[in-house]
Amino acid sequence: MTTAHLEENLQRAIDEIREKVVEMGEMVETALRNSLEAINNKDRRLAYSVILRDRYIDEFESELDQLCQEFIVRQQPAAGHLRFVYAAIKINNELERVGDYAESICRQFSTVTSIKSKSTLQKINDIANLSIPMLRNAVAAFNNEDEKLARETKRMDNKVDEIRYSIHHDLMELSDKGEIPPEGLMPLMIIASRFERVADQSCNICEEVLYMTTGKNVKHVGKENFRILFVDERDACRGQIAEGIGNSLGLDRFIFSSAGVAPKPVDKRTVSFMADKGIDISDQSSKYINQVVNVEDYSVVVALCEEAEAAFPPPPSKTVAIRWNIDDPSKLKGTEEEIKTAYEKTYEYLNNNIKDLVEAIIGNDH
């Protein structure tokens with residue numbers, strides 16, 4: 001067999017894999033768009049169709065994986081060709097997960113379609129209309145080996161994160177006003193989080209594209225976030241202080257947040273105390289622990305009271321669970337000086353422990 005014929009066979013095999021990845025991307029994008037359309041139009045039949053067709057995506061994922069494995073065995077690829085097939089295998093897996101997210105969204109259909117709030121559905125559409133194009137662009141970047149498009153698509157992720165956090169905050173307000181029934185709050189948050197995860201998977205695909213095109217492994221370089229969640233009973237004081245301290249450190253790779261078992265409005269004295277420390281937490285708000293859809297995505301969960309330990313992810317989990325013992329100064333009664341002393345003690349305890357935790361994470365990551 002001539003060299004030219006070998007190269008022709010190699011290119012034909014590469015083109016076949018490339019076409020299959022694009023086809024997989026189109027299947028998954030269609031599932032996402034159908035899931036959004038099902039919710040917008042209250043189309044139960046379409047929702048069931050997305051759920052039932054997920055098995056075809058799973059089967060396609062297996063076929064594509066087998067095709068890539070055969071390519072490795074037959075072609076014995078090296079350098080750029082090896083990076084190509086490696087990226088294709090990883091992207092195939094990422095796309096299958098996105099298909100699962102579309103199915104998950106449709107499984108929330110029956111609860112969400114009973115909600116009449118147009119503003120709620122608009123917020124869902126806002127995040128979907130960012131994350132779905134991100135997925136399409138990520139697949140296009142792979143298909144065209146477009147390094148520039150991959151980098152541009154990755155930069156969209158921060159906007160999606162902002163919208164998701166905004167959605168969670170707005171949904172809580174709508175729930176408090178009675179515009180969303182209690183049984184509809186969690187499904188809506190799950191849907192918003194699933195679309196955020198679509199954006200995350202799109203970024204993963206872009207990272208594989210950048211590896212394929214440049215030969216440089218950019219995964220987690222300046223990007224991986226360490227999510228730290230503080231769980232309190234009321235999320236009105238200790239958790240808010242901890243979140244404020246964490247965010248005041250200005251660390252790009254760390255995301256600090258808090259939640260409560262039975263949350264109450266943020267304590268005004270706590271806001272004033274933190275302002276005296278030069279930390280503005282006036283925009284922070286308390287939230288239920290069940291608003292944190294994927295607790296297992298957090299690097300560390302810190303329980304600030306005994307009741308909060310129930311929030312720890314069950315094993316097996318890579319999340320590190322920690323318990324810190326410190327009193328809630330907002331519950332104390334006494335003189336002004338005694339309460340101020342209690343706040344100082346809580347602040348110093350949390351400040352020292354958070355800094356030690358951060359240093360331990362950074363040290364362990366290098």
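J.: Which parts of the structure should I look at to understand the sheet that holds strand S4 (residues 320-323)?
T.: One open sheet holds the 4 strands; their spatial order is S2-S1-S3-S4, and the pairing between them is parallel. Either end of the sheet is taken by a strand with one partner, and the two such strands are strand S2 (254-260) and S4. Pairwise comparison of adjacent strand axes, ignoring direction, gives a mean angle of 20 degrees for this sheet. Taken strand by strand, helix H9 (residues 238-248) contacts strand S1 (226-232) and S2, and its axis lies near 170 degrees from that of S2.

J.: Would you take a moment to explain the side chain of Arg238 for this structure?
T.: For Arg238, the position within the fold is in helix H9. The exposure class assigned to Arg238 is buried, which follows from its relative accessible area of 6%. Within the structure, Arg238 has its side chain in polar contact with the side chain of Asp232 (distance 2.6 Å). Contact partners of Arg238, with chain neighbours within four places excluded, come to Asp232, Glu233, Leu304, Cys305, Ile326, Asp327, Asp328, Pro329, Thr346 and Leu350.

J.: Please clarify how the pattern of salt bridges should be interpreted in this entry.
T.: A side chain with one charge may pair with a side chain of the opposite charge, provided their charged atoms come close. Evaluated as defined, the whole model comprises 14 salt bridges. A salt bridge links Arg238 to Asp232; the nearest nitrogen and oxygen atoms lie 2.6 Å apart. The partner of Arg269 in a salt bridge is Glu336, with the nearest N and O atoms 3.1 Å apart. Of this pair, Arg269 sits in helix H10 (residues 268-276) while Glu336 sits in helix H11 (residues 336-365), and the two are 67 residues apart along the sequence. Overall, the relative accessible area of 56% leaves Glu336 in the exposed class. One salt-bridge network, held together by shared partners, links Glu29, Arg33 and Arg136.

J.: Is there a simple way to think about H9 in this case?
T.: Each turn of an α-helix holds 3.6 residues, which means side chains three or four residues apart point in the same direction. For H9, a buried count of 9 out of 11 residues is recorded, marking the element as mostly surrounded by other parts of the structure. What H9 keeps buried is the set Arg238, Gly239, Gln240, Ile241, Ala242, Glu243, Gly244, Ile245 and Gly246. Looking one or two residues past H9, Gly250 carries a phi angle of roughly 65 degrees, positive in sign.

J.: Looking at this structure, I do not really get the confidence of the model for the protein chain. What am I missing?
T.: In the predicted model, the protein chain carries a mean pLDDT of 84, and the fraction of residues at 70 or more is 88%. Taken element by element, the protein chain is modelled with least confidence in helix H4 (residues 109-112), mean pLDDT 67, and with most confidence in H9, mean pLDDT 95.

J.: Got a minute to help me understand the packing of aromatic side chains in this structure?
T.: Two descriptors summarise a pair of aromatic rings, namely the distance from one centre to the other and the angle between the planes of the rings. Applying the stated criterion to the full structure yields 9 aromatic pairs. A centroid spacing of 5.7 Å and a plane angle of 70 degrees characterise the contact between Tyr86 and Tyr211, whose relative ring orientation is edge-to-face. With Tyr86 in helix H3 (residues 79-107) and Tyr211 in helix H8 (residues 182-214), this residue pair connects regions lying 125 residues apart in the sequence. By relative accessible area, which is 37% here, Tyr86 ends up partly exposed. Relative accessible area serves as the criterion here: at 23%, Tyr211 is assigned to the partly exposed category. Through successive ring pairs, a cluster of aromatic residues spans Phe226, Phe230, Phe254, Phe256, Trp324 and Tyr349. Seen from the ring of Tyr56, Arg55 lies directly overhead, with NZ or CZ sitting 4.4 Å from the centre. The ring of Tyr347 has Lys277 sitting right over it, with the charged end atom 4.8 Å from the ring centre.

J.: It is not clear to me how the environment of Lys268 should be interpreted in this structure. Could you clarify?
T.: On the secondary structure map, Lys268 appears in helix H10. Counting along the chain gives 32 residues from Lys268 to Ala236, while the straight-line C-alpha distance between them is 8.9 Å.

J.: Sorry, what's going on with the packing of helix H2 (residues 44-75) against H3 here?
T.: The axes of two packed helices give the description: the angle between them and the distance between them. At a minimum axis distance of 9 Å, the contact between H2 and H3 shows a crossing angle of 170 degrees. It follows that H2 is roughly antiparallel to H3 by the angle criterion. Class assignment of the residues belonging to the contact of H2 with H3 gives a composition of 13 nonpolar, 5 polar and 8 charged.

Conventions and cut-offs
Residues numbered from 1 in each chain as written. Predicted model: local features only at pLDDT ≥ 70, side-chain atom pairs only at ≥ 80, totals over all residues. Heavy atoms only, no water. Pairing = 2+ DSSP bridges. Helix = DSSP H or I, 4+ residues; strand = E, 2+ residues; numbered from the N terminus. Axes fitted to C-alpha atoms, helices over the stretch in contact; angles between N-to-C directions. Contact = heavy atoms within 4.5 Å. Buried < 20%, exposed > 50% of the residue type's maximum accessible area, 1.4 Å probe, protein only. Polar contact = N/O pair within 3.5 Å; in protein donor to acceptor, adjacent residues only side chain to side chain. Salt bridge = Lys/Arg side-chain N within 4 Å of Asp/Glu carboxyl O. pLDDT = per-residue confidence, 0-100. Phe/Tyr/Trp six-rings, centres within 6.5 Å; stacked < 30°, edge-to-face > 60°. Lys NZ or Arg CZ within 6 Å of the ring centre and 35° of its normal. Parallel < 35°, antiparallel > 145°, perpendicular 65-115°, else oblique. Nonpolar A, V, L, I, M, F, W, Y, C, P; charged D, E, K, R; others polar.

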